Amino acid sequence: MSLRDLAVLYLIAGLACAVAVYRASPEGRRRAALSAALCVPLWPIWAPVALTAGRGEGGGRPVGAAGEAAARVQGALREGVSACAGTSFEALLSREAASRIEAEVARAAARHAELDALLRQSGFDEGAAAARVAEIERGGGGAGARSLATAHLHLENIRRLRAMRDRDARALEELADLVQALRTQLVLARFAGSSVEGVGGIVSEVWARVEGLGAAIDAHGAGTEGPIAT
């Protein structure tokens, strides 16, 4: 089987997954379409996340702002690559570079979706955990210092998980804004004849943000912030 045949099969699988994600999405049509569009090139990563999150409790934010940001990055990258194709800017944003950025963004969006689904479960309710701490501090149930320490640990773990989820969402939103600015900069440079130096700065900033996303995910995956016990 040739590389072209494999590419066709990959595209067909992506389209099939996109249809499934669109139909399963409990969100509005616009968000469902964005999630489905992200699924076409990244279906091995995104489809399981989108389909699993869509079955979660409430289903109101399985994709949400982070998923929209990932879709914005994808769209802006494609337009940026097209804008600089065949010009002196092509080396700054090649198709291979755009694919690497998309893959890193997909990883971050997948982790955000996983954290969001986790924090919707009853065992990760921050309000309930805080209420339990307050109850023990009032002396309810005859619990001692050990129980209080455990309750505090549980509450702190939940807050750390929420902070990680929110930090991922903010990072993706900021990256999406930056990549969209890069796209318009490349289009402007193509038609106005701007210098490569003027584009290089924003490309460097995009890569710095992408590397920051990857480093954060790898660090958390390796447990460098310490164990989270409940």
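What counts and how
- For every chain, the first residue of the written sequence is number 1, and numbering continues from 1 onward in sequence order.
- At least 70 in pLDDT is required for a residue's local features to be given in this predicted model, at least 80 for side-chain atom pairs to be given and counted, and no such filter applies to totals for whole chains, interfaces and linings, which use all residues.
- Side-chain numbers here rest on the full set of heavy atoms in the structure, without hydrogens or water.
- Put simply, DSSP marks the helices as runs of H or I at least four residues long and the strands as runs of E at least two long, and each gets a number from the N terminus on.
- Contacts are assigned to residue pairs with any non-hydrogen atoms lying within 4.5 Å of each other.
- The rule for a salt bridge is simple: a side-chain nitrogen of Lys or Arg has to be within 4 Å of a carboxyl oxygen of Asp or Glu.
- Remark: exposure states derive from per-residue accessible area (1.4 Å probe, protein chains only) relative to the maximum for the residue type, with buried under 20%, exposed over 50%, and partly exposed in between.
- All axes here are fitted lines through C-alpha atoms, helices being fitted over the stretch that makes contact, and every angle between N-to-C directions spans 0 to 180 degrees.
- The crossing is said to be left-handed when, going from far helix to near helix, the turn is anticlockwise and less than a right angle, and right-handed when the turn is clockwise.
- Should an angle lie under 35 degrees it is considered roughly parallel, over 145 roughly antiparallel, and from 65 to 115 roughly perpendicular; all remaining angles are considered oblique.
- On a scale of 0 to 100, pLDDT captures the predictor's confidence in every residue.

What follows covers the side chain of Glu-104. Relative to the assigned elements, Glu-104 resides in helix H4 (residues 95–119). Excluding residues that lie within four positions of it along the chain, Glu-104 makes contacts with Val-210 and Gly-214.

What follows is about the pattern of salt bridges. Throughout the structure, instances matching the rule amount to 13 salt bridges. Across the pair Arg-107 and Glu-104 runs a salt bridge whose closest N-O atoms are separated by 2.5 Å. Highlighted residues: Arg-107 and Glu-104, both in helix H4, separated by three residues, approximately one helical turn. By relative accessible area, Arg-107 is classed as partly exposed at 31%. The partner of Glu-174 in a salt bridge is Arg-209, with the nearest N and O atoms 3.5 Å apart.

It is worth spelling out the packing of H4 against helix H6 (residues 145–192) at this point. Packing of H4 against H6 leaves a shortest axis separation of 9 Å and a crossing angle of 145 degrees. Every pair of crossing elements has a handedness; the one defined by H4 and H6 is left-handed. The segment H4 lies against H6, with Val-105, Ala-108, Ala-109, Arg-111, His-112, Leu-115, Asp-116, Leu-118 and Leu-119 engaging Ile-158, Leu-161, Arg-162, Met-164, Arg-165, Asp-168, Ala-169, Leu-172 and Leu-175.

The next thing to look at is the packing of helix H5 (residues 126–137) against H6. Two measures define how a pair of helices packs: the angle their axes make with one another and the distance between the axes. The contact between H5 and H6 brings their axes to 9 Å, and the two run at 155 degrees. One finds that H5 runs roughly antiparallel with respect to H6. Judged by the twist between their axes, the crossing of H5 over H6 is left-handed. When H5 is examined against H6, the residues Glu-126, Ala-129, Ala-130, Arg-132, Val-133, Ile-136 and Glu-137 are found in contact with a partner set consisting of Ser-147, Leu-148, Ala-151, His-152, His-154, Leu-155, Ile-158, Arg-159 and Arg-162.

What follows concerns the environment of Arg-170. Position of Arg-170 among the secondary structure elements: in helix H6. For the pair Arg-170 and Ala-66, spaced 104 residues apart in sequence, the C-alpha separation works out to 8.0 Å.

Atom-level detail of predicted coordinates should not be read off regions where pLDDT is low. For the protein chain, mean pLDDT is 78; residues scoring 70 or higher make up 74% of the total. Here residues 54–62 is modelled with pLDDT under 50, and outside its nearest four sequence neighbours on either side it reaches 17 contacts, counting other chains as well. Note on residues 224–230: pLDDT is under 50 here. Beyond four places in sequence and across chains, it has 13 contacts.

Assignment of secondary structure puts His-112 in helix H4. You can call His-112 buried: its relative accessible area is 6%. In this structure, His-112 is in contact with Ala-66, Arg-165, Asp-168 and Ala-169, ignoring residues within four places of it in sequence.

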